[in-house]
Amino acid sequence: MEHNESRMRRIFSGVKPTGPIHLGNYLGALRNWVELQHQYESFFCIVDLHAITVSQDSQELAARTREIARLYIATGIDPKISTIFVQSDVSEHAELTWMLNCITRVGELERMTQFKDKARRQRESAGVGLFDYPVLMAADILLYQTDLVPVGEDQKQHLELTRDLAIRFNRDYGETFRVPDPFIPKVGARIMSLSDSTKKMSKSDESPNGCIELLDTAETVRRKFKRAVTDSGTEIKFDESRPAITNLLSIYQLLTGKQPEDVEAHFAGQGYAQLKNELADVTVEFLRPVQERVENISDQELDRILDDGRRRAQEIARQTLDDVKRRMGLQGALRARA
Ligand code: AQP
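Let me sum up the structure you'll find in this document.

Reading the values: the criteria
Residues numbered from 1 in each chain as written. Predicted model: local features only at pLDDT ≥ 70, side-chain atom pairs only at ≥ 80, totals over all residues. Heavy atoms only, no water. Core = buried A, V, L, I, M, F, W, Y, C linked by side-chain atoms within 4.5 Å. Buried < 20%, exposed > 50% of the residue type's maximum accessible area, 1.4 Å probe, protein only. Helix = DSSP H or I, 4+ residues; strand = E, 2+ residues; numbered from the N terminus. Contact = heavy atoms within 4.5 Å. Axes fitted to C-alpha atoms, helices over the stretch in contact; angles between N-to-C directions. Parallel < 35°, antiparallel > 145°, perpendicular 65-115°, else oblique. Left-handed = near helix turned anticlockwise from the far one by under 90°. Nonpolar A, V, L, I, M, F, W, Y, C, P; charged D, E, K, R; others polar. Phe/Tyr/Trp six-rings, centres within 6.5 Å; stacked < 30°, edge-to-face > 60°. Salt bridge = Lys/Arg side-chain N within 4 Å of Asp/Glu carboxyl O. Near = heavy atom within 4 Å. Polar contact = N/O pair within 3.5 Å; in protein donor to acceptor, adjacent residues only side chain to side chain. Areas by Shrake-Rupley, 256 points an atom, 1.4 Å probe, with all protein chains shown as cover. Pairing = 2+ DSSP bridges.

### Regarding the nonpolar core
By size, the foremost hydrophobic cluster in this structure holds 56 residues, and its most contacted members are L23, Y72 and F225. At nine residues, helix α12 (residues 272–296) tops the list of elements feeding residues into this core. Not counting residues within four places of it along the chain, the set of residues in contact with F225 comprises L23, L194, I212, L248, K276, L279, A280 and T283.

### Describing the packing of helix α4 (residues 92–101) against helix α13 (residues 299–328)
The contact between α4 and α13 brings their axes to 10 Å, and the two run at 25°. The angle between the axes of α4 and α13 places the two elements in the roughly parallel class. Note that α4 runs across α13; the crossing there is left-handed. Where α4 approaches α13, its residues E92, E95, L96 and M99 are matched on the opposing element by Q314, A317, R318, L321, V324, K325 and M328. Of the residues contributing to the contact of α4 with α13, the split by class is six nonpolar, one polar and four charged.

### As for the packing of aromatic side chains
All chains considered together, the criterion is met by eleven aromatic pairs. A ring pair is formed by F12 and F85, whose centres lie 6.5 Å apart and whose planes are at 65°; its orientation type is edge-to-face. You can see F12 sitting in strand β1 (residues 10–15) and its partner F85 sitting in strand β3 (residues 82–86), a full 73 residues away along the chain. Exposure class is identical for F12 and F85. Each is buried. With centroids separated by 5.2 Å and ring planes inclined at 80°, the aromatic side chains of W33 and Y72 adopt a geometry described as edge-to-face. With a gap of 39 residues between them, W33 in helix α1 (residues 23–36) and Y72 in helix α3 (residues 58–74) connect regions that are remote in the sequence. Pair check on accessibility: W33 and Y72 agree, each one buried.

### Focus on the pattern of salt bridges
Tallied over the full model, the rule gives 24 salt bridges. Note that R318 and E92 form a salt bridge whose closest N and O atoms lie 3.1 Å from each other. Linking R318 in helix α13 with E92 in helix α4, this pair joins segments that are 226 residues apart in sequence. By relative accessible area, R318 is classed as partly exposed at 44%. Owing to a relative accessible area of 3%, E92 belongs among the buried residues under this scheme.

### Concerning the site of the ligand
Around the ligand, the surrounding shell holds 24 residues, and the nearest of these are K118, D154, S202, K203 and S204. Within the backbone of G24, a nitrogen or oxygen atom sits 3.1 Å from a nitrogen atom of the ligand. The separation between an oxygen atom of the ligand and a polar side-chain atom of N25 is 3.1 Å. Contact with the protein chains hides 97% of the accessible area of the ligand, taken as 640 Å² for the molecule alone. For the shell around the ligand, the elements supplying multiple residues, two or more each, are β1, α1 and α6 (113–119). The element contributing the most residues to the shell around the ligand is α1, with four residues.

### Topic: the pairing of β3
Taken across its five residues, β3 has five buried, putting it largely inside the fold. The alternating pattern of β3 places S82, I84 and V86 on one face and T83 and F85 on the opposite face, and all of these are buried. Judged from the five bridges that link them, strand β2 (residues 41–46) and β3 form a sheet pairing that is parallel. Across the sheet, C45 pairs through a bridge with F85, a residue of β3.

### Concerning the environment of R70
Among the secondary structure elements, R70 is positioned in helix α3. Taking relative accessible area as the criterion, R70 reaches 14% and is therefore assigned buried. For the pair formed by R70 and E295, sequence separation is 225 residues and the distance between their alpha carbons is 8.7 Å. Contact partners of R70, with chain neighbours within four places excluded, come to V294, I297, S298, D299 and L302. Here the side chain of R70 touches D299 through a polar contact of 2.9 Å, side chain to side chain.

In structure tokens:
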């Protein structure tokens, strides 16, 4: 079996092309991928099949998919050592989802908080794809016999379902899948919206100032930080009871690589305006080279990287899917006779 061979441990993760990548996606996920790619065989996917679980403009979706691939590379994912690919290019993702659907219980999916949040009151009219989202995510991960999944806090429950499905399949059909572990960073796993510190920073945030996009201009970044909500009180300290300031400090800490106590010492006696200004400065400095690299990736180079990624991903995905089919008795008339 492919996953029993001795090989480098693997990671898999992805971003949905539902909107522009933001600092939450970067600090909660991409930033860790860049580090981990040197220790793991890495698969980084642009999960466009996940994006269509809510209505998308097709031209925009296609453009966003390529923009996100560019941002993966520009933030430090190295296509020479990591596999970067588009989910819908590897049809095994959709196929394995069906097989996993057949061992998933409706009750399990009904407990998923992301579905409850996204479907809200329109539960009856929500798409079946939105309901089934966690099973597609399980297929993404299990296809690559993944050991570790670096994600933000919001994906923890989906990861638990992935583990349950792998264990269930292995129990019912024999050892087939690796059971993956989540990798959730201690700081940055949940960056909050700048306009509402009770909500996570999100691509689909309705408030235009809540989310710092990686392609925002310097002017926009400064404006958004200036308008960011703060808490009552004046002290600039990490404090769970003051989520807005703690959020701003966490972003500052992660972008500067400083220790929390050094960040607090740096801002001791300063006002919120100073914190916001400095935060805007470090963010603009961080984004400038990323945006320059995005500009420098030609269409041809991107095509080549995504094509190469598709081939590398499909080779492994196909082996896993063949194994699943054989174990489930889905071998087809010809192969059964052979
Ligand atoms: N606010 C966040 N803080 C830390 N990590 C975050 N992630 C997302 N938001 C934050 C992590 O980024 C990775 C990619 O996320 P995704 O694109 O798969 O979808 P999402 O988690 O649903 O992100 P959004 O931005 O909120 O998208 P929409 O608005 O379309 O639903 C994941 O690892 C995620 O944990």
